[in-house]
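# An overview of the molecular structure
Each chain, written out:
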Amino acid sequence: MNIKKSISVVLPNYNGRNLLAANLPSVFAALQTAAVEFEVIVSDDASTDGSVAFLKENFQDVIIVCQKINRGFSPTINSGIARASKQLVFLLNTDVFLLPDFFENLFHYFDHPDTFGVSGRFIGLSDDKIQDAGKYPLLLASKKIQPFNFYIDSPSILVTTLFVSGGGALVDREKLNLLGGFDEIFAPFYYEDTDLSMRAWRLGWKCYYEHSAVCRHPASTTINKFNKKRKIWITTQRNKLIFHSLHLNATSKWIWYSRQAITLIVQAIALRWKYHIAFFNYLGKRSEVKKSKQRFQSLSGGSIVPLEIVVKNICSELDRQKVIKL
């Protein structure tokens, strides 16, 4: 059937004036090529580089949502999502350049009522090297999920993925709102999209990867621009711990915790303390983790698919389709 639906584009922005100037025109061009009703919302995270003034002067059609204080990715993009009014929401980072036909092969996914979202292929700004694609959910013996990139270049099949990228994913607005948007426990950054997609999967909805939907992206990210490597590493490890604590079942969690204990001992012997900092930062979030789990369970009506089953089903389907690993 492939009925085109209206789109709300939501871009979180922090001091991205130059990125907005470089990439927003490509967003409007792709939307116009798709010939759909649309709106573009920029949610600004208390920028200090004149981003808001630039938008008001050069992109009068853009809806601007301003945060009073800098809060990070999840709270900022959630503010934009709250303003969205169209059938689909396109979650997009400011450093992404869309090719003109980006949306053309995405609409048919939403002919299926259980589709949560779909994301495409990220390649370099000046080359065609794949930076990001589908995510194969390898579940290790330690019960840690270690996803790796893959693709399947076939227009005739639907290709599932562990998660859709928060930097460029088209999702069903109604389902996104039912999930409550991104969990702000992960602020300031990283693992929000993995968690959002896993919550969708566990409610019986599906996430897809579309190889023909192409966008360009620089090798360095906006997060790297404003944060030191040490902070990024510690925050990433903390958020990985939060994700696994939220979604592993009781048996898997005991195995996972045992692995954490071994890792902490090994890192202490080697006099490397970054992982300890990340782990204790995670422990400091335990009450928030409990609240997040309760919120998710309350909206599910008691019917939640275990993470382990979700991963098994995705892997079985992808193995039959013979993925190409990156």
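A brief structural summary. (Residues numbered from 1 in each chain as written. Predicted model: local features only at pLDDT ≥ 70, side-chain atom pairs only at ≥ 80, totals over all residues. Heavy atoms only, no water.)

### With respect to the packing of helix α7 (residues 229–247) against helix α9 (residues 274–283)
- In contact at an axis separation of 8 Å, α7 and α9 are set at 45° when each is read in the N-to-C sense. Compared by their axis directions, α7 and α9 come out oblique. As α7 runs across α9, the sense of the crossing is right-handed. Residue-level inspection shows Arg 230, Trp 233, Ile 234, Gln 237, Arg 238, Leu 241, Ile 242 and Ser 245 of α7 in contact with α9, the latter providing Lys 274, Tyr 275, Ile 277, Ala 278, Phe 279, Asn 281 and Tyr 282.
- In terms of residue class, the contact of α7 with α9 is built from nine nonpolar, three polar and three charged. (Axes fitted to C-alpha atoms, helices over the stretch in contact; angles between N-to-C directions. Helix = DSSP H or I, 4+ residues; strand = E, 2+ residues; numbered from the N terminus. Parallel < 35°, antiparallel > 145°, perpendicular 65-115°, else oblique. Left-handed = near helix turned anticlockwise from the far one by under 90°. Contact = heavy atoms within 4.5 Å. Nonpolar A, V, L, I, M, F, W, Y, C, P; charged D, E, K, R; others polar.)

### Section: the packing of aromatic side chains
- Per the stated rule, a full pass over the model turns up 18 aromatic pairs.
- Taking the centre distance of 5.4 Å and the plane angle of 55° together, the rings of Phe 90 and Phe 102 count as tilted. With Phe 90 in strand β4 (residues 88–92) and Phe 102 in the loop between β5 (97–98) and β6 (115–124), this pair connects stretches of sequence that are twelve residues apart. Residues Phe 90 and Phe 102 agree in their burial class; the two are buried.
- With centroids separated by 6.3 Å and ring planes inclined at 65°, the aromatic side chains of Phe 150 and Tyr 209 adopt a geometry described as edge-to-face. Within this pair, whereas Phe 150 is found in strand β9 (residues 145–151), its partner Tyr 209 is found in strand β12 (residues 206–217), the two being separated by 59 residues in sequence. Of the two residues, Phe 150 and Tyr 209, neither departs from the other in class, the shared state being buried.
- Grouping aromatic residues by their ring pairs yields a cluster made of Trp 256, Tyr 257, Phe 279, Phe 280 and Tyr 282.
- Sitting over the ring of Trp 205, Lys 175 keeps its end group 5.8 Å from the ring centre. (Phe/Tyr/Trp six-rings, centres within 6.5 Å; stacked < 30°, edge-to-face > 60°. Buried < 20%, exposed > 50% of the residue type's maximum accessible area, 1.4 Å probe, protein only. Lys NZ or Arg CZ within 6 Å of the ring centre and 35° of its normal.)

### Here's the deal with the layout of surface pockets
- By volume, the second largest pocket amounts to about 430 Å³.
- Along the walls of the second largest pocket sit 27 residues, with Asp 183, Arg 199, Ser 292, Lys 293 and Phe 296 positioned nearest its centre.
- At the level of elements, α5 (192–202), α7, α10 (286–300) and α11 (307–321) are the ones that each hand at least two residues to the lining of the second largest pocket.
- When residues in the lining of the second largest pocket are grouped by element, the largest group, seven residues, is from α10.
- Residue composition of the lining of the second largest pocket, grouped by class: eleven nonpolar, seven polar and nine charged. (1 Å grid on protein atoms, 1.4 Å probe; cavity = no way out; pocket = protein on both sides within 12 Å on 5 of 7 lines; lining within 4 Å. Points joined across faces, edges and corners; volume = space filled by probe spheres on them.)

### Brief notes about the pairing of β12
- Judged by how many residues are buried, β12 sits mostly within the fold: ten of twelve residues are covered.
- For β5 and β12, the ladder comprises two bridges, and the chain directions are antiparallel. Looking at the pairing, Phe 97 lines up with Arg 216 of β12.
- Direction of pairing for β6 relative to β12: parallel, over a ladder of eight bridges. Paired with Val 118 across the bridge in β12 is Tyr 208.
- Relative to β12, strand β10 (residues 159–160) runs antiparallel, the two being bridged by two bridges. By the bridge assignment for β12, Val 159 is matched with Tyr 209. (Pairing = 2+ DSSP bridges.)

### A few points about the sheet that holds strand β13 (residues 324–325)
- Pairing in this open sheet of three strands is antiparallel, and the strands run β8-β9-β13 from one edge to the other. Each of the sheet's edge strands pairs with one partner strand only, and the pair in question is β8 (134–139) and β13.
- Relative to β13, β9 runs antiparallel, the two being bridged by two bridges. By the bridge assignment, Phe 150 is partnered in β13 with Lys 325.

### Observations regarding the environment of Phe 163
- Structurally, Phe 163 is set in the loop between β10 and β11 (168–172).
- The spatial distance from the C-alpha of Phe 163 to the C-alpha of Arg 238 is 19 Å, given a sequence separation of 75 residues.

### Section: the packing of helix α1 (residues 17–34) against helix α2 (residues 51–58)
- Following both chains from N to C, one finds α1 and α2 inclined at 30°, their axes separated by 9 Å at the closest point. Considering their axes alone, α1 and α2 lie roughly parallel with respect to each other. The two elements α1 and α2 meet at a crossing, and its hand is right-handed. The residues of α2 that touch α1, namely those facing Arg 17, Leu 20, Ala 21 and Leu 24, are Ser 51, Phe 54 and Leu 55.
- For the contact of α1 with α2, a count of residues per class yields five nonpolar, one polar and one charged.

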